[in-house]
Amino acid sequence: MSDLALSDSGERKTASEFHDDYMMHGVEYQSFVCPFCFIGLVAKAIYIDGPQGISPHFSCFPKKPHINGCDGYPLIDGKTVKESKVSNKIKIGKDEFSFPEKLVSRSKPSQNKFIDDFSRLVENNDPEKVKERRDKAGRELGSAKYTSSIIRSFASSKKAIISLVYKYAKEEGLADGDRRTLLKESLSKAPIELDGYKTNYQVAFQGTKYFSKYKKIWNGSGVVKIKGNFIYILSYQHTEYSENDHRHELNFYVAVRIPGDLEASPAYHKTIVERLVKAREKELAVKWHSYGMAKLVLDKDSVLLGVDNLDHVFIEKI
Ligand SMILES: [Zn+2]
């Protein structure tokens, strides 16, 4: 298992960058090699569009391990970063799960042109050269984090953590209370960085039952309305809010602006708008996640979460 690969077009990126390029723009490569020792690699959980149980990564082909002292990871101070990459992994029972830990901005497919003349590079493939390349990557990238620009990646990782906890609880015969405690503990142990603010999966997500003045990955389900250039999702669940001894029951709206140049937008953005329009036409409910800061609009008995960046919205398949 490794994070970095060189694609057939010479792009060196992390598995999570290749995954985002696929999700966002439909960019897919046919083959990959290790950027250090050039053995062939297999893309795992990179070209999938569905709930993820495993994190994007690269594997060796069976019986074709890395060669010339390589393990697929960069070196920092002469040491592989393979073992030190523990912060974004959690263990539940025997299962280990990696999840994205930083929300980044990637408006275009990430550019990371590595090399044009691949054949010359392969000629130069002794252990010393492999080490040099790993050292260089260590200096450039450090211990590359599993990052994503798409809220969907964080939402499906949370889902995967929940299902691992349920699986473990069933196997071990845990009582409901113990299972809830384990879930809370597991999500609290999973770090996440949003706009420079470091928190964890337990705190970062918020349903619509209560208001928060902080930026959250909000989630809920509701009905879709379209007005002009805006799509509104009205949450089924009201939001409770108290101020000056007055208890409000507010309508929670997500407002998604439809891009003016939708045709030229990334594939992911088109999918989000298509799913919302379809839900409106068929009068179906949508399950949504959206990242941002919600605002109180008390004179309209509402909470409004305005979304400009469609990377920050995830609508489950209807
Ligand atoms: Zn290698």
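Residues numbered from 1 in each chain as written. Predicted model: local features only at pLDDT ≥ 70, side-chain atom pairs only at ≥ 80, totals over all residues. Heavy atoms only, no water.

**Some details on the environment of Pro35**
As a reminder of what qualifies: The helix count covers DSSP runs of H or I at least four residues long, the strand count covers runs of E at least two residues long, and both are numbered beginning at the N terminus.
Looking at the element boundaries, Pro35 is found in the loop between strand 3 (32-33) and strand 4 (40-44). Sequence separation of Pro35 and Lys13 is 22 residues, and the distance between their C-alpha atoms is 9.2 Å.

**Things to note about the coordination of the zinc ion**
This is how it is decided: Note that water is not among the atoms used; donors are N, O and S atoms within 2.8 Å of the metal (3.2 Å for Na, K and Ca), so sites may look incomplete. Tetrahedral means four donors with every angle between 85 and 135 degrees, whereas square planar (four donors) and octahedral (six donors) require angles over 155 degrees between opposite donors and between 65 and 115 for all others; sites fitting neither are termed irregular. Burial classification: accessible surface area is computed with a 1.4 Å probe over protein chains only, and a residue below 20% of its type maximum counts as buried, one above 50% as exposed, and the rest as partly exposed.
In the first shell of the zinc ion, the protein supplies Cys34 (SG), Cys37 (SG), His66 (ND1) and Cys70 (SG), at 2.1 to 2.4 Å from the metal. Here the zinc ion is ringed by 4 donor atoms whose angles at the metal span 104 to 113 degrees, and the overall shape comes out tetrahedral. Between consecutive donors of the zinc ion, the numbers of intervening residues give the motif C-x2-C-x28-H-x3-C. For the pair shown, His66 and Cys70 are each scored as buried.

**Here we look at the pattern of salt bridges**
Rules: Whenever a carboxyl oxygen of Asp or Glu lies within 4 Å of a side-chain nitrogen of Lys or Arg, that contact is scored as a salt bridge.
In the structure shown here, the tally under the stated rule is 14 salt bridges. One salt bridge in this structure joins Arg257 and Asp308, with 3.4 Å as the shortest N-O distance. Separated by 51 residues along the polypeptide, Arg257 in strand 18 (residues 246-257) and Asp308 in the loop between strand 21 (302-307) and strand 22 (313-315) bring together distant segments of the chain. Taking relative accessible area as the criterion, Arg257 reaches 36% and is therefore assigned partly exposed.

**Here we look at the side chain of Asp21**
Selection rule: Under this definition, polar contacts are N or O atom pairs within 3.5 Å; protein pairs additionally need one hydrogen-donor-capable and one acceptor-capable atom, and for neighbouring residues in sequence, both atoms have to be side-chain atoms.
Positionally, Asp21 belongs in helix 1 (residues 15-25). The class of Asp21 is buried, set by a relative accessible area of 2%. A polar contact of 2.5 Å, which involves the side chain of Asp21, links it to the side chain of Lys13.

**Observations concerning helix 3 (residues 127-141)**
Applicable threshold: Take the residue count of a helix, subtract one, and multiply by 1.5 Å to get its expected span.
Here helix 3 is 15 residues long and its end C-alpha atoms lie 21 Å apart, about the 21 Å a rise of 1.5 Å per residue gives. Where helix 3 ends, the next residue or the one after it, Gly142, has phi of about 65 degrees, a positive value.

**Some words on the layout of surface pockets**
Convention followed: Lining residues are those with an atom within 4 Å of a point, where the points come from a 1 Å grid over the protein atoms alone and group into cavities, where a 1.4 Å probe fits but cannot get out, or pockets, open sets with protein on both sides within 12 Å along at least five of seven lines. Grid points are joined across faces, edges and corners, and a volume is the space filled by probe spheres set on the points. Charged means Asp, Glu, Lys or Arg here, nonpolar means Ala, Val, Leu, Ile, Met, Phe, Trp, Tyr, Cys or Pro, and polar covers whatever is left, Gly included. As used throughout, domain bounds are those supplied by an automatic or database domain assignment.
Empty space within the largest pocket amounts to approximately 380 Å³. Every residue lining the largest pocket is counted, 20 residues in all, and those nearest its centre are Ala155, Lys159, His289, Phe314 and Glu316. In terms of residue count, helix 4 (residues 151-172) provides more of the lining of the largest pocket than any other element does, 6 residues in total. When grouped by side-chain class, the residues that make up the lining of the largest pocket number 6 nonpolar, 6 polar and 8 charged. No fewer than three residues from each of domain 1 (4-154) and domain 2 (207-315) sit in the lining of the largest pocket.

**Remarks on the domain arrangement of the protein**
Accessible area lost when the parts come together is the quantity often used to give the size of an interface. Let me state the cut-off plainly: Only heavy atoms enter the contact rule, under which two residues are in contact if any of them lie within 4.5 Å. As used here, buried area is the combined drop in accessible area, with a 1.4 Å probe, of two parts when they are placed together.
We note that the domain assignment places domain 1 (4-154) and domain 2 (207-315) within the protein. Residue-level contacts link 12 residues of domain 1 with 12 residues of domain 2. For the pair domain 1 and domain 2, the summed buried surface comes to about 910 Å²; carbon and sulfur atoms form 70% of the total. Counting across the domain 1 and domain 2 interface gives 0 salt bridges. For the interface between domain 1 and domain 2, the tally reads 4 residue pairs in polar contact (both at pLDDT 80 or more). Residue assignment for the side of domain 1 that touches domain 2 shows that the elements contributing at least two residues are helix 1 and helix 4.

**Observations concerning the packing of aromatic side chains**
This is how the line gets drawn: Any pair of Phe, Tyr and Trp rings, taking the six-membered ring for Trp, is counted once the centres come within 6.5 Å. Such a pair is stacked with planes under 30 degrees apart, edge-to-face with planes over 60 apart, and tilted for the rest.
Scanning all chains against the criterion turns up 14 aromatic pairs. Ring pairs connect the aromatic residues Phe18, Tyr22, Tyr29, Phe32, Tyr47 and Phe58, which therefore count as one cluster.

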